[in-house]
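# Geometric and topological summary
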Amino acid sequence: QVRLVESGGGLVQPGGSLRLSCAASGFPFSVSTMSWYRQVPGKERELVASIDPAGANTNYVDSVKGRFTISRDNAKNTMYLQMNSLKPEDTAVYYCRRIPFWGQGTQVTVSS
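On a predicted model such as this, the values are computed, not experimentally measured, just so you know.

## Some points on unusual backbone geometry
When glycine is set aside, most residues are seen to have a negative phi, and most peptide bonds are trans. In the segment running from isoleucine 99 into proline 100, the intervening peptide bond is cis, with an omega of 0 degrees. Note on placement: proline 100 falls in the loop between β9 (92-98) and β10 (101-102). At asparagine 77, a position not held by glycine, the phi torsion is positive, near 50 degrees. Here asparagine 77 shows up in the loop between β7 (68-73) and β8 (78-83). By relative accessible area, asparagine 77 is classed as partly exposed at 27%. In this model, serine 85 sits at a positive phi of 50 degrees, which is unusual for a non-glycine residue.

## Notes on the state of the cysteines
Under the defined criterion, the tally for this structure stands at one disulfide. One disulfide in the model links cysteine 22 with cysteine 96; its S-S distance is 2.0 Å. Every disulfide takes its handedness from the sign of the S-S torsion; for cysteine 22 and cysteine 96 that torsion is -65 degrees, giving left-handed. Here cysteine 22 is found in strand β3 (residues 18-25), whereas its partner cysteine 96 is found in strand β9, with 74 residues between them in sequence. Residue cysteine 22 shares its accessibility class with cysteine 96, and that shared class is buried.

## Side note on the environment of serine 17
Along the chain, serine 17 turns up in the loop between β2 (10-12) and β3. Separated by 2.9 Å, the side chains of serine 17 and asparagine 84 make a polar contact.

## Observations concerning the packing of aromatic side chains
All told, the structure shown has three aromatic pairs when counted by the stated rule. Residues phenylalanine 27 and phenylalanine 29 carry aromatic rings whose centres are separated by 6.3 Å and whose planes lie at 55 degrees to one another, so their mutual orientation is tilted. For the pair formed by phenylalanine 27 and phenylalanine 29, the shared burial category is buried. Linked through ring pairs, Tyr37, Tyr95 and Trp102 together constitute an aromatic cluster. Taking NZ or CZ as reference, arginine 45 lies 4.4 Å from the ring centre of tryptophan 102, over its face. Here the basic side chain of arginine 72 rests over the ring of phenylalanine 29, its NZ or CZ set 4.4 Å away from the ring centre.

Each value, and the rule that gives it
- Residues numbered from 1 in each chain as written.
- Predicted model: local features only at pLDDT ≥ 70, side-chain atom pairs only at ≥ 80, totals over all residues.
- Heavy atoms only, no water.
- Helix = DSSP H or I, 4+ residues; strand = E, 2+ residues; numbered from the N terminus.
- Buried < 20%, exposed > 50% of the residue type's maximum accessible area, 1.4 Å probe, protein only.
- Disulfide = S-S within 2.5 Å.
- Polar contact = N/O pair within 3.5 Å; in protein donor to acceptor, adjacent residues only side chain to side chain.
- Phe/Tyr/Trp six-rings, centres within 6.5 Å; stacked < 30°, edge-to-face > 60°.
- Lys NZ or Arg CZ within 6 Å of the ring centre and 35° of its normal.

See the structure below:
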């Protein structure tokens, strides 16, 4: 049974930081491309970042480049998203994805 469990969301002031985690189980994590998506009400889910199985190649949506860093620890079956210099427009539910599966999401709210 595939499980993707996100954690680390919360309320943070503009300019602050959060680190999201995605704990994975039920599939061969170390050979899986993984991704973070986000969604705000009324909009489509947006790909934020992806990482290849070895962690050697990463991709980001332009709006987060230079502020967010995706990483993974294959020994722990866990993926991360370090989010710095957060902006109000980063407010969303963030989802972990391994095609075709989704986690339940974690809310990130950036507000003063």
